[in-house]
Amino acid sequence: MRILLPPSETKRDGGADAPLALEALSFPSLSAAREQTLAALGELSSDGAAMMRALKLGPRQTAEVDRNRAIPAAPTMAAIDRYTGVLFDALEAPSLDAEARAFAGRTVAVHSALLGLVGALDPVPAYRLSHDSKLPGLRLKAHWREPIARVLDDEAGLIIDLRSEGYAELGPAPARPGSVYVRVVSIDGDGRRRALNHFNKQAKGRFTRAVLERRPELAGVEDLLDWADSQGFSMRLGEERAATLPREVELVA
């Protein structure tokens, strides 16, 4: 089983681990692409004003420029602890016990715009880069799409894609049985579905934490739906998507 999480623009500072070492990251086939994004961001870092524009930063966010410049020597921490924001606040990774964190290390990947897919326990620095950021000579969608799609196509077992659509486009999961894209919705009294934003992220964080705490063995989509129902999550098959996209599953919040 593989759970795919989006990153967050907000991240914890600091870290107790050594600076970024690409050989310490999961999915080594992405190393060359990682080197290219790091080099492009390093080039952009030489011009603070250009970086502010490229990353769509406001006047009060100049610290993000310094954060990116510091990446080569910055301390690292586990990816699942580095990210903050609504999803990761609901996940509360630092409070997971050792067995749950080990399970996260085997099953969870976070999709970074800078580093591609990283394992939950991979040591990563603080940085600022989003799926729609502009780097010199490099378009992130074109850059990441094929390498990440190949990684995911090689994944065995169930794939549960909890990424936002923007990140899913940076590396689509395979369209096959046992690969699902999760959309969080609410249903009103007339049965109409509505996509959510804040509660979307919160529901994904709560769902991921439940999986890590209980560590179910899920062989396929039916197992996923049955297990979710047993844990109090309302999850059901969504509408059919294009043949090139994973099947959609709705998580009702």
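Our subject in this report is the structure included herewith. (Residues numbered from 1 in each chain as written. Predicted model: local features only at pLDDT ≥ 70, side-chain atom pairs only at ≥ 80, totals over all residues. Heavy atoms only, no water.)

Structural notes on the environment of leucine 135
Within the element layout of this structure, leucine 135 appears in the loop between β5 (123-124) and α7 (140-153). With a relative accessible area of 7%, leucine 135 lands in the buried category. With 129 residues separating them in the primary sequence, leucine 135 and proline 6 have C-alpha atoms 20 Å apart. (Helix = DSSP H or I, 4+ residues; strand = E, 2+ residues; numbered from the N terminus. Buried < 20%, exposed > 50% of the residue type's maximum accessible area, 1.4 Å probe, protein only.)

Topic: the nonpolar core
Residues Leu5, Leu117, Leu129, Phe207, Leu212 and Met235 are the most contacted members of the largest nonpolar core, which totals 75 residues. Among all residues touching leucine 5, those that are not within four sequence positions of it are Leu87, Phe88, Leu91, Val108, Ala109, Val110, His111, Leu162, Arg163 and Thr208. (Core = buried A, V, L, I, M, F, W, Y, C linked by side-chain atoms within 4.5 Å. Contact = heavy atoms within 4.5 Å.)

Topic: helix α6 (residues 98-107)
Within α6, the full set of buried residues consists of Ala100, Arg101, Phe103, Ala104 and Thr107. Projected down its long axis, α6 shows its buried positions confined to an angular sector of 160 degrees, all on one face. Every exposed residue of α6 that faces more than 90 degrees away from the buried side is listed here: Ala98, Glu99 and Arg106. Measuring from the side-chain oxygen of the N-cap residue of α6 to the backbone nitrogen of glutamate 99 gives 3.2 Å; that N-cap residue is aspartate 97. (Arc of directions from axis to C-beta. Polar contact = N/O pair within 3.5 Å; in protein donor to acceptor, adjacent residues only side chain to side chain.)

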